[in-house]
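Each chain, letter by letter, is given below.
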Amino acid sequence: MTGEELRRKFGRRIRATRRSRDVTQEKLAEYCGLSPEYISHIERGRASPSFDVIAELSEELEVHPQTLFDFTGLEERS
């Protein structure tokens, strides 16, 4: 798996987890002290968040960080 593929899958997992919690990008950004644009970039696989950001995202989404790297069941997009 390339870095680009990993970023895309990670972003899709963040989006799916956020939506399952009924949280907007804006609210997640506010909770994490980030910009909504940065959350959007992460979700589209255009940004590589640091470990600190991953830890903050997992805390705010109430999941273990490892869960954000479980890509099973994600829709594949071309």
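The structure we're discussing is the one just above.
Residues numbered from 1 in each chain as written. Predicted model: local features only at pLDDT ≥ 70, side-chain atom pairs only at ≥ 80, totals over all residues. Heavy atoms only, no water.

Chemist: Now, about a nonpolar patch on the surface: what can you tell me, with residues and values included?
Modeler: Together, Met1, Leu6 and Phe69 make up an exposed nonpolar region whose accessible area comes to about 310 Å². With respect to the helices and strands, Phe69 occurs in the segment after helix H4 (51–61). (Patch = residues over 30% accessible without salt bridge, like charges linked within 9 Å, V, L, I, M, F, W, Y side chains within 5 Å. Areas by Shrake-Rupley, 256 points an atom, 1.4 Å probe, with all protein chains shown as cover. Salt bridge = Lys/Arg side-chain N within 4 Å of Asp/Glu carboxyl O. Helix = DSSP H or I, 4+ residues; strand = E, 2+ residues; numbered from the N terminus.)

Chemist: Can you tell me about helix H2 (residues 25–32), naming the residues and giving the values?
Modeler: For an α-helix the count is 3.6 residues per turn, leaving residues at separations of three or four pointing the same way. All of the buried residues along H2 are Gln25, Leu28, Ala29 and Cys32. On an axial view of H2, the arc spanned by its buried residues comes to 100 degrees, and they lie on one face. As for H2, its buried residues are in contact with helix H1 (3–20), helix H3 (36–43) and H4. The positive-phi residue at the C-terminal boundary of H2 is Gly33, with phi of around 75 degrees. (Buried < 20%, exposed > 50% of the residue type's maximum accessible area, 1.4 Å probe, protein only. Arc of directions from axis to C-beta. Contact = heavy atoms within 4.5 Å.)

Chemist: Run through the environment of Gln66, naming residues and quoting values.
Modeler: By the element assignment, Gln66 lies in the segment after H4. Judged by its relative accessible area of 60%, Gln66 falls in the exposed class. Distance from Gln66 to Gln25, taken between C-alpha atoms, is 21 Å for residues 41 residues apart in sequence.

Chemist: Account for the pattern of salt bridges, naming residues and giving values.
Modeler: Counted by the stated rule, this structure contains four salt bridges. Residue Arg8 is joined to Glu4 by a salt bridge in which the shortest nitrogen-to-oxygen separation is 3.1 Å. Placement of both Arg8 and Glu4 in helix H1 is noted, with a separation of four residues, approximately one turn of the helix. We classify Arg8 as partly exposed; its relative accessible area is 31%. A residue is classified by how much of its surface remains accessible, and Glu4, at 45% relative accessible area, is partly exposed. A salt bridge links Glu43 to Arg15; the shortest N-O distance between them is 3.5 Å. Taken together, the residues Glu43 in helix H3 and Arg15 in helix H1 connect sequence positions 28 residues apart. For Glu43, a relative accessible area of 2% puts it in the buried group.

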